[in-house]
Amino acid sequence: MNIVSDSTLTRADLVRLLAQPQPVTRFDRCSFDGQDLGSLDLRNIRFTACSLAEARLARATLSETIWERCRIGLGDFELADLTDASFTACDLHMTKWARSRLSSATISDSKLNGAGFSEVHALGLSLRSCRLVGAQLRGMSFRKQVLDQLDFSDADLGGCDFRDAVFNGGSLRGASLKGARFQGADLRAAELGGITVYDLTGSLKGAVISAEQAGQLIESLGVRVM
């Protein structure tokens, strides 16, 4: 395994390292902050504790890449191929994923606050124990998934498909649910926050909630439960 550690690298450096007879397969504690790495073929590379703040990875081939404890805030993955990629304990706040391919990718224990997922190809995408506060997730499908500790507070979930999904913890507090579908979804372990009458009669129709949640929802509408 060819490893590069503790280095600050530019796009030109990366291109040179990838062109070697034995190309680099792992970067440890390296910085690519602000670099334009768009359209590069980085498939199968492991990034550990690296910083890619504001890096541009548009149209890059990132299939089967592994990202562990990386800081990629404000990074741009537009149109990138992230098939089978894995992110663990990463800072991905305000990242852009428009039209990226996230098929069978995994993102766990990561911060995705304010991230934008527009028109992504997300068949088989797995999100676990992630903060998605204020994220833009319109139209994404979570149908029949088990959703472990996902904080969707203040997120835009318009048009999302949560049918038959099971929420293990997590939060929907303040989320926009316009046009979302929750038929058959088990929300008993989720924090619902203040739900509107429109949500109850529209998006959440057919969802399963607990008796305690039902009481809290009724009280949030100004009705006293005796």
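So, here's what we can say about the structure. (Residues numbered from 1 in each chain as written. Predicted model: local features only at pLDDT ≥ 70, side-chain atom pairs only at ≥ 80, totals over all residues. Heavy atoms only, no water.)

**Concerning the overall build of the protein chain**
Which entries qualify depends on this criterion: Each helix is a run of H or I in the DSSP string that is no shorter than four residues. Each strand is a run of E no shorter than two, and both are numbered from the N terminus. Any residue under 20% of the maximum accessible area for its type is buried, any over 50% is exposed, and the rest in between are partly exposed; the area is computed with a 1.4 Å probe on protein chains only. Contacts between residues were defined by any pair of non-hydrogen atoms, one from each residue, lying within 4.5 Å. Residue burial considers only the protein chains on display, and all accessible areas are found by Shrake-Rupley using a 1.4 Å probe. Lys and Arg are tallied as positive, Asp and Glu as negative. Neither His nor the chain termini are counted. To locate a charge, the coordinates of NZ of Lys, CZ of Arg, CG of Asp or CD of Glu are taken.
For the protein chain, the count of helices and strands is three helices and nine strands. Referenced to the eigenvectors of the C-alpha coordinate spread, the extents of the protein chain come out at roughly 75 × 25 × 25 Å. Burial statistics for the protein chain: of 226 residues in total, 44% are counted as buried. Taking the contacts inside the protein chain whose residues are at least 6 apart along the sequence as the reference set, 7% of them involve residues at least 24 apart. Approximately 10700 Å² of the protein chain is accessible, and the part contributed by carbon and sulfur atoms is 48%. Charge-centre separation for the protein chain: the mean point of 26 positive side chains lies 3 Å from the mean point of 27 negative side chains.

**Re the pattern of salt bridges**
Defined as follows: When a carboxyl oxygen of Asp or Glu is within 4 Å of a side-chain nitrogen of Lys or Arg, the pair counts as a salt bridge.
According to the stated counting rule, one finds 12 salt bridges in the structure shown. Arg99 is the partner of Glu78 in a salt bridge, and the nearest nitrogen-oxygen pair spans 2.5 Å. Placement of the pair is Glu78 in the loop between strand E4 (66-68) and strand E5 (86-88) and Arg99 in the loop between E5 and strand E6 (106-108), with a sequence separation of 21 residues. Looking at Arg99, the relative accessible area reads 39%, which means it is partly exposed. Asp156 is the partner of Arg138 in a salt bridge, and the nearest nitrogen-oxygen pair spans 3.3 Å. Taken together, the residues Arg138 in the loop between strand E7 (126-128) and strand E8 (146-148) and Asp156 in the loop between E8 and strand E9 (166-168) connect sequence positions 18 residues apart. Bridged by salt links that share partners, the residues Asp161, Arg163 and Arg181 form one connected network.

**Digging into the packing of aromatic side chains**
Where two aromatic rings form a pair, the distance of their centres and the angle of their planes describe that pair. Cut-off, in case you're wondering: Each aromatic pair joins two rings of Phe, Tyr and Trp (for Trp, the six-membered one) with centres within 6.5 Å, and gets the label stacked for planes under 30 degrees apart, edge-to-face for over 60, and tilted for any other angle.
Summed over the entire model, instances satisfying the criterion amount to 17 aromatic pairs. Arranged with centres 4.3 Å apart and planes meeting at 10 degrees, the rings of Phe47 and Trp67 form a pair that is stacked. Of this pair, Phe47 sits in strand E3 (residues 46-48) while Trp67 sits in strand E4, placing them 20 residues apart in sequence. For Phe47, a relative accessible area of 2% puts it in the buried group.

**Some thoughts on the environment of Gly193**
By the secondary structure assignment, Gly193 is in the loop between E9 and helix H2 (197-201). Residues Gly193 and Ala155 lie 38 residues apart in sequence; the distance between their C-alpha atoms is 13 Å. Apart from the residues within four sequence positions on either side, Gly193 is in contact with Arg173 and Leu217.

**What about unusual backbone geometry?**
Phi is positive for Glu54, which is not a glycine, with a value near 60 degrees. By secondary structure assignment, the location of Glu54 is in the loop between E3 and E4. Taking relative accessible area as the criterion, Glu54 reaches 48% and is therefore assigned partly exposed. Located in the positive-phi region is Glu64, a residue other than glycine, with phi close to 60 degrees. Position of Glu64 relative to the elements: it lies in the loop between E3 and E4. Assessed through its relative accessible area of 47%, Glu64 is described here as partly exposed.

**A closer look at the state of the cysteines**
Stated formally: Two cysteine sulfurs form a disulfide in these notes if their separation is within 2.5 Å.
A complete count under the given rule lists zero disulfides for this structure. Sulfur of Cys90: no disulfide; nearest cysteine sulfur belongs to Cys70 and is 4.7 Å away.

**Examining the side chain of Ser110**
As a reminder of what qualifies: Whenever two N or O atoms come within 3.5 Å, that pair is a polar contact, provided that in protein one can donate a hydrogen and the other can accept it, and provided that, for residues adjacent in sequence, both atoms are side-chain atoms.
Note that Ser110 resides in the loop between E6 and E7. Separated by 3.0 Å, the side chain of Ser110 and the backbone nitrogen of Cys90 make a polar contact. Among the polar contacts listed, one links the side chain of Ser110 to the backbone oxygen of Ser108, at a separation of 2.8 Å. What Ser110 contacts, discounting residues up to four positions off in sequence, is Phe87, Thr88, Ala89, Cys90, Leu92, Ser129, Cys130 and Arg131.

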